[in-house]
Amino acid sequence: MLSAKADVPWGGDLKQDVYPIVVNPFRRQPVDMAFENQEASPRIRLELSANVYQPGETVEGKLVLLEAGNMRAVRLQLFLLEQAAGQGKVMGTTSGSSVENMQMGETLEWPRDNLLAAREVSFRIPLSLQTPCSYAGKYSSIEWYLCATLDIPHHGDIHLDASFAVAMRTIPVPVL
């Protein structure tokens, strides 16, 4: 939060709070990541090309079928999870805290027969240049993740979440 205050003699003081979106600089090198669900069957592995992306980049990965079991299909969806606390407004309502899970882009889906034939499929999901935020509070965080849902007929679905950071990898050099 940036806060500006002005002492106005013989009048009401002025105060303005601004809640800018802060992008954390990451100095670490991005590394490949892999996630597997813990169930014995069905079982998949979700591989991502990096653990840190920049806005506007494309998340590249691979979905590998390890054990088909009684799965009907696998769906892959990008999500943005915004958690906020402190005084602020969520969609016009004052609140002490907020959690908002936003679905981003299209859902990718692979039926069982396609996965059985290929055993692994590559995917590319572009990241937006701008992050939609709805909360203006004192404390907030944003998390990006891919959710792979294993569609199991007549049973509860299995979910596998692969989280990653979206930030600048290096601190930009100031232009003089």
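Residues numbered from 1 in each chain as written. Predicted model: local features only at pLDDT ≥ 70, side-chain atom pairs only at ≥ 80, totals over all residues. Heavy atoms only, no water.

Participant: Report on the overall build of the protein chain, specifying residues and quantitative values.
Facilitator: Scanning the protein chain for helices and strands turns up one helix and twelve strands. Tracing the protein chain from N to C terminus, the helices and strands come up as β-β-β-β-β-β-β-β-α-β-β-β-β. Among the 176 residues that make up the protein chain, the fraction classed as buried is 33%. Long-range pairs, those at least 24 residues apart, make up 64% of the contacts in the protein chain between residues at least 6 apart in sequence. (Helix = DSSP H or I, 4+ residues; strand = E, 2+ residues; numbered from the N terminus. Buried < 20%, exposed > 50% of the residue type's maximum accessible area, 1.4 Å probe, protein only. Contact = heavy atoms within 4.5 Å.)

Participant: Report on the side chain of D151, specifying residues and quantitative values.
Facilitator: Counting through the fold element by element, D151 comes out in strand β11 (residues 139-151). Accessibility expressed as a relative area gives 12% for D151, which makes it buried. In this structure D151 touches M71, R72, A73, R75 and D157, once residues within four positions along its chain are discounted.

Participant: Describe the pairing of strand β4 (residues 43-48), with residues and values.
Facilitator: Alternating positions in β4 separate cleanly, I44, L46 and L48 being buried on one face and R43, R45 and E47 remaining unburied on the opposite face. Pairing of strand β3 (residues 33-36) with β4 involves four bridges; the strand directions are antiparallel. Following the sheet pairing, M33 is matched in β4 by L48. The loop that links β3 with its antiparallel partner β4 comprises six residues. Of the strand pairs in this sheet, β4 and strand β6 (residues 58-67) are connected by six bridges, and their pairing is antiparallel. In the sheet register, I44 faces β6, and the bridge partner there is L65. (Pairing = 2+ DSSP bridges.)

Participant: Hey, could you go over the sheet that holds β6 for me, with residue numbers and the actual values?
Facilitator: Spatially, the four strands line up as an open sheet ordered β3-β4-β6-β9, and their pairing is antiparallel. Pairing within the sheet leaves two strands with one partner each, and these edge strands are β3 and β9 (120-126). Between one strand axis and the next, the sheet turns by 20 degrees as a mean value, whatever way the strands run. (Axes fitted to C-alpha atoms, helices over the stretch in contact; angles between N-to-C directions.)

Participant: Break down unusual backbone geometry for me, citing the residues and quoting the values.
Facilitator: In this model, S41 is joined to P42 through a cis peptide bond whose omega is -10 degrees. With respect to the helices and strands, P42 occurs in the loop between β3 and β4. Here R119, not a glycine, exhibits a phi torsion of approximately 70 degrees, which is positive.

Participant: Describe the pattern of salt bridges, and please don't skip the residues or the numbers.
Facilitator: Tallied over the entire structure, the rule returns nine salt bridges. As a salt-bridge pair, E47 and R45 come within 2.7 Å of each other at their nearest N and O atoms. The partly exposed category is assigned to R45, whose relative accessible area is 22%. One salt bridge in this structure joins D151 and R75, with 3.5 Å as the shortest N-O distance. Separated by 76 residues along the polypeptide, D151 in strand β11 and R75 in strand β7 (residues 73-90) bring together distant segments of the chain. Within this structure, E36, R43, R45, E47, K62 and E120 form a network of salt bridges that share partners. (Salt bridge = Lys/Arg side-chain N within 4 Å of Asp/Glu carboxyl O.)

Participant: An account of the side chain of N51 is requested, with residue identities and associated values reported.
Facilitator: Its place among the elements puts N51 in the loop between β4 and β5 (52-53). Separated by 3.0 Å, the side chain of N51 and the backbone nitrogen of V31 make a polar contact. (Polar contact = N/O pair within 3.5 Å; in protein donor to acceptor, adjacent residues only side chain to side chain.)

Participant: Summarise the packing of aromatic side chains; cite the residues concerned and give the values.
Facilitator: Counted according to the given criterion, the structure contains two aromatic pairs. Ring plane angle 75 degrees and centroid distance 5.2 Å describe the contact between Y53 and F164, whose orientation is recorded as edge-to-face. Residue Y53 is found in strand β5, and its partner F164 is found in strand β12 (residues 158-166); the two are separated by 111 residues along the sequence. With relative accessibility at 6%, the residue F164 sits in the buried group. Each ring, one from F79 and one from Y145, has its centre 5.4 Å from the other, and the planes form 15 degrees; the classification is stacked. Placement of the pair is F79 in strand β7 and Y145 in strand β11, with a sequence separation of 66 residues. Overall, F79 belongs to the buried group, its relative accessible area being 17%. With relative accessibility at 10%, the residue Y145 sits in the buried group. (Phe/Tyr/Trp six-rings, centres within 6.5 Å; stacked < 30°, edge-to-face > 60°.)

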